[in-house]
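Chain and residue survey
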Protein chains: 2
Amino acid sequence: MLYAHVTISLDGFMAGPDISRELPMGAGGERLHDWIFDPSPADREIIFDTFAAVGAVVLGRRTFDVGLDQWNDTPYPVPSFVVTHRTRDDLEMRSASFSFVGDLAAAVRRAHAAAGEKHVIIMGADVTRQALKAELVDELRLQLAPFTLGSGTRLFTGADRHVFECLDTRITPHATHLRYRVVCQRIAPRA
Amino acid sequence: MLYAHVTISLDGFMAGPDISRELPMGAGGERLHDWIFDPSPADREIIFDTFAAVGAVVLGRRTFDVGLDQWNDTPYPVPSFVVTHRTRDDLEMRSASFSFVGDLAAAVRRAHAAAGEKHVIIMGADVTRQALKAELVDELRLQLAPFTLGSGTRLFTGADRHVFECLDTRITPHATHLRYRVVCQRIAPRA
């Protein structure tokens, strides 16, 4: 199964404005990840379950660029596939390696092969949107942070329309964890 | 207690584009209210509880303008206060009356007085944002519809920053009902 794992603010931003290597979550955006860096016991359980379930990661070039210094490793200790036009040799890290793949669908295929029975996680605004559009995503795991950010990078932009089904929710102090199945890409016109 | 009662799509829209009297929820936006017009038993219970708890309504002029033909009454069977610069005489409807008040704070005061022990509901994008900014809102009851709309009117716009606490969640087929306490208006800078 491939799932997108995204934290957004209540006004829909997955990062604050002015993302850089120094501010990989943008200005003020680091608070979005309080559930990861200041976890409650329930958050810890969710993080642990995610680490146990993930077998490979697909991430965008921008996420790789801004995240690498912070992780100082692959984002999860599993093979990680960076979608980028500028391909290069694999980069060996402490836990696993980054591979650079020119095309999203190819990256997803290679990630599924590497993950075996485990899940593939997709990370990054652009690749997540592209993967939803290409109907490659099985689940959207949305952590809804209980505040507004005011500006930044949105998860959903433009006219793409998707239908989901909420499977379960879990409230922790720093996020409401929502698990959605992707039902379909387009909303059919009403009869 | 005053609460905002808002349905938004997963990409943050509380109505589709091109709102008019004919399309009060905008193009494609009527789906947002499937939980009201095609309710599951759980939705029905939430609707029933809301009707039982509400003692007065504060609504924006635009919501009044586009909603009146559809309701053919007040939106709930209780005194309803329309915030508008163009004040006029009260309008008697089947269940209750509309009063037209020049100022949001005054409308909220009159609504609380009319509601007595019951709650006041605020309706409409603009007045909800203004009321949040003025720290008049105690709870945000958000119905998160499980689809993206792509365009329309957003609940949250601009730079206003609010902090909430998620009190509970309830999944129904057409919405995930999230109840948030308003914690504060501004996010303090990090120490």
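Residues numbered from 1 in each chain as written. Chains lettered and ligands numbered in written order. Predicted model: local features only at pLDDT ≥ 70, side-chain atom pairs only at ≥ 80, totals over all residues. Heavy atoms only, no water.

1. Considerations on the sheet that holds strand E4 (residues 80–83) of chain B
Residues and elements named next belong to chain B. Across the sheet, which stays open at both edges, the nine strands sit in the order E5-E6-E4-E3-E7-E1-E8-E11-E10 with mixed pairing between neighbours. Looking along the sheet, the strands with just one partner apiece sit at the ends: strand E5 (91–92) and strand E10 (163–172). Examined bridge by bridge, strand E3 (residues 54–60) and E4 share four bridges and lie parallel to one another. Among the inter-strand pairings, Val-58 is bridged to a residue of E4, identified as Phe-81. Lying on the sheet, helix H2 (residues 41–53) is in contact with strand E1 (2–9), E3, strand E7 (119–123), E10 and strand E11 (175–184); it crosses E10 at an angle near 130°. (Pairing = 2+ DSSP bridges. Helix = DSSP H or I, 4+ residues; strand = E, 2+ residues; numbered from the N terminus. Contact = heavy atoms within 4.5 Å. Axes fitted to C-alpha atoms, helices over the stretch in contact; angles between N-to-C directions.)

2. A few points about the environment of Pro-24 of chain B
Residue and element names in this part refer to chain B. Within the element layout of this structure, Pro-24 appears in the loop between strand E2 (13–15) and helix H1 (34–37). Pro-24 sits 39 residues away from Thr-63 along the chain, and the two C-alpha atoms are 8.1 Å apart. With residues near it in sequence (within four places) discarded, Pro-24 still touches Ile-19, Val-66 and Gln-70.

3. Side note on the interface of chain B and chain A
Counting residues at the interface gives 33 residues for chain B and 34 residues for chain A. For the pair chain B and chain A, the summed buried surface comes to about 2800 Å²; carbon and sulfur atoms form 56% of the total. Of all the elements in the fold, those that place two or more residues in the side of chain B that touches chain A are strand E8 (139–145), E10 and E11 of chain B. With seven residues, E10 of chain B is the largest single contributor of residues to the side of chain B that touches chain A. For the side of chain B that touches chain A, the residue count by class is 18 nonpolar, six polar and nine charged. (Buried area = accessible area lost by both parts, 1.4 Å probe. Nonpolar A, V, L, I, M, F, W, Y, C, P; charged D, E, K, R; others polar.)

4. Considerations on helix H3 (residues 61–71) of chain B
Along an α-helix, residues three or four apart share an orientation, since each turn contains 3.6 residues. Residues and elements named next belong to chain B. Within H3, burial applies to Arg-61, Thr-63, Phe-64, Val-66 and Gly-67. Residues of H3 that are buried sit in contact with E3, E4, E5, strand E6 (97–101) and E7. Note on H3: the residue one or two positions beyond its end, Asn-72, has a positive phi of about 55°. (Buried < 20%, exposed > 50% of the residue type's maximum accessible area, 1.4 Å probe, protein only.)

5. Digging into the state of the cysteines
Applying the stated criterion across every chain, the model contains zero disulfides over all chains. Free of any disulfide, Cys-166 of chain A has its nearest neighbouring cysteine sulfur in Cys-166 of chain B, separated by 11 Å. Since its relative accessible area comes to 10%, Cys-166 of chain A is described here as buried. With no disulfide of its own, Cys-184 of chain A lies 16 Å from the sulfur of Cys-166 of chain A, the closest cysteine sulfur. Under the relative-accessibility criterion, Cys-184 of chain A is labelled partly exposed at 30%. (Disulfide = S-S within 2.5 Å.)

6. Considerations on the sheet that holds strand E5 (residues 91–92) of chain A
Residues and elements named next belong to chain A. Taking strand neighbours across the sheet as the criterion, the nine strands line up as E5-E6-E4-E3-E7-E1-E8-E11-E10 in an open arrangement whose pairing is mixed. Two strands close off the open sheet at either side, each with one partner strand: E5 and strand E10 (163–172). Set on the sheet, helix H3 (residues 61–71) makes contact with strand E3 (54–60), strand E4 (80–83), E5, strand E6 (97–101) and strand E7 (119–123); between it and E3 the angle comes to about 115°. Against the sheet, helix H5 (residues 125–133) makes contact with strand E1 (2–9), E3, E4, E7, E10 and strand E11 (175–184), and its axis sits at roughly 125° relative to E7, the strand it touches most.

7. Some details on the pairing of E6 of chain A
Residue and element names in this part refer to chain A. With five of five residues buried, E6 lies mostly within the body of the structure. Of the two faces of E6, the one lined by Ser-97, Ser-99 and Val-101 and the one lined by Phe-98 and Phe-100 are each fully buried. Across four bridges, E4 lies against E6 in parallel orientation. Across the sheet, Val-82 pairs through a bridge with Phe-100, a residue of E6. Across two bridges, E5 lies against E6 in antiparallel orientation. When the sheet's bridge partners are listed, Leu-91 is paired in E6 with Phe-98.

8. What about the packing of aromatic side chains?
In this description, an aromatic ring pair is defined by two values, namely the gap between the centres and the angle between the planes. Throughout the structure, instances matching the rule amount to ten aromatic pairs over all chains. Consider the rings of Phe-51 of chain B and Tyr-76 of chain B, whose centres lie 4.9 Å apart with planes at 50°: the pair is tilted. With Phe-51 of chain B in helix H2 and Tyr-76 of chain B in the loop between H3 and E4, the pair connects residues that are 25 residues apart, well separated along the chain. By relative accessible area, Tyr-76 of chain B is classed as buried at 12%. Each member of the aromatic cluster is reached from another via a ring pair, and the members are Phe-64, Phe-98 and Phe-100 of chain A. The residue whose ring lies beneath Arg-141 of chain B is Tyr-3 of chain B, and the NZ or CZ to ring-centre distance is 3.7 Å. (Phe/Tyr/Trp six-rings, centres within 6.5 Å; stacked < 30°, edge-to-face > 60°. Lys NZ or Arg CZ within 6 Å of the ring centre and 35° of its normal.)

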